[in-house]
Amino acid sequence: MTDEQTPDRECSDKLPKWIFFFGCLLVLIGGGSGLLGVFSPTTFFSDFPNFNGWADIPYVTTGWGIRNLTMAVAMILALWLRTPSVIGVVFSMRFLTEAGDLLNTLVTGHGSLGQSLAVVAVLWIVVFLIPEALAARWGITRALALKR
């Protein structure tokens, strides 16, 4: 007994191409921003033009960079394994992290690259949060269906 919300076993573990390509984009963005956070924090954190204490906060900038590099590696593993449960977990991690980053940007105003916070929020939601939520949902629903 199946309905349209419950995928059959044959189609349930075939990763949609859009999730694969979106995950690849997240690898590039996360890997690139992670490298900048580690090796060139003034480039990445460019909305602090008058800040001169970079030498005093490498724990923060390097930690942020390593966080992004780690998420890129987790995404590479998820895309390589193509297992619905792994896709669900990794995209959920990305969604929660992006939601927290957006909240931080809205509260502090930093990270908006000089754009209106309303524009940043809409773009962030449309470009990152919605696709990440849909990919996470795809993985989680298929993983649960496979357990049945």
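Note that the structure is predicted; figures quoted are calculated from it, not measured. (Residues numbered from 1 in each chain as written. Predicted model: local features only at pLDDT ≥ 70, side-chain atom pairs only at ≥ 80, totals over all residues. Heavy atoms only, no water.)

Looking at the overall build of the protein chain
Part 1: For the protein chain, the count of helices and strands is 6 helices and 0 strands.
Part 2: For the protein chain, the N- to C-terminal ordering of α and β elements is α-α-α-α-α-α.
Part 3: Each principal axis of the C-alpha atoms in the protein chain carries an extent, and together these give about 65 × 30 × 20 Å.
Part 4: By sequence separation, contacts in the protein chain at least 24 residues apart represent 72% of the contacts at least 6 residues apart.
Part 5: Accessible surface, the protein chain: about 9,200 Å² in total, of which carbon and sulfur atoms supply 68%.
Part 6: In the protein chain, 10 side chains carry a positive charge and 10 a negative one; their mean positions are 8 Å apart. (Helix = DSSP H or I, 4+ residues; strand = E, 2+ residues; numbered from the N terminus. Contact = heavy atoms within 4.5 Å. Areas by Shrake-Rupley, 256 points an atom, 1.4 Å probe, with all protein chains shown as cover. Lys, Arg positive; Asp, Glu negative; His and termini not counted. Charge placed at Lys NZ, Arg CZ, Asp CG, Glu CD.)

Some thoughts on the packing of helix α5 (residues 84-108) against helix α6 (residues 117-147)
Part 1: Across the interface, α5 lies against α6 with an axial gap of 7 Å and an inter-helix angle of 160°. Between α5 and α6, the interaxial angle falls into the category roughly antiparallel. For the pair α5 and α6, the sense of crossing is left-handed.
Part 2: Each residue belonging to the contact of α5 with α6 can be placed in one class, and the counts come to 21 nonpolar, 5 polar and 5 charged. (Axes fitted to C-alpha atoms, helices over the stretch in contact; angles between N-to-C directions. Parallel < 35°, antiparallel > 145°, perpendicular 65-115°, else oblique. Left-handed = near helix turned anticlockwise from the far one by under 90°. Nonpolar A, V, L, I, M, F, W, Y, C, P; charged D, E, K, R; others polar.)

Quick word on α5
Within an α-helix, residues lying three or four positions from one another point in the same direction, as the helix has 3.6 residues per turn.
Part 1: Relative to the 36 Å expected for 25 residues at 1.5 Å per residue, α5 spans 36 Å between its end C-alpha atoms, a close match to the ideal helical length.
Part 2: Three or more residues of α5 are buried, namely Pro-84, Ile-87, Gly-88, Val-90, Phe-91, Arg-94, Thr-97, Glu-98, Asp-101, Leu-102 and Thr-105.
Part 3: Looking one or two places after α5, you find Gly-109, whose phi comes out positive at around 85°. (Expected span 1.5 Å × (residues − 1). Buried < 20%, exposed > 50% of the residue type's maximum accessible area, 1.4 Å probe, protein only.)

What about the pattern of salt bridges?
Part 1: All told, the structure shown has 3 salt bridges when counted by the stated rule.
Part 2: Arg-94 is the salt-bridge partner of Glu-98, the closest N and O atoms lying 2.4 Å from each other. Pair noted here: Glu-98 and Arg-94 are both in helix α5, with a separation of 4 residues, about one helical turn.
Part 3: For Arg-94, a relative accessible area of 4% translates into the label buried.
Part 4: Between Arg-94 and Glu-132 there is a salt bridge, with its nearest N and O atoms 3.7 Å apart. Residue Arg-94 is located in helix α5, and its partner Glu-132 is located in helix α6; the two are separated by 38 residues in the primary sequence.
Part 5: The network of salt bridges with common partners includes Arg-94, Glu-98 and Glu-132. (Salt bridge = Lys/Arg side-chain N within 4 Å of Asp/Glu carboxyl O.)

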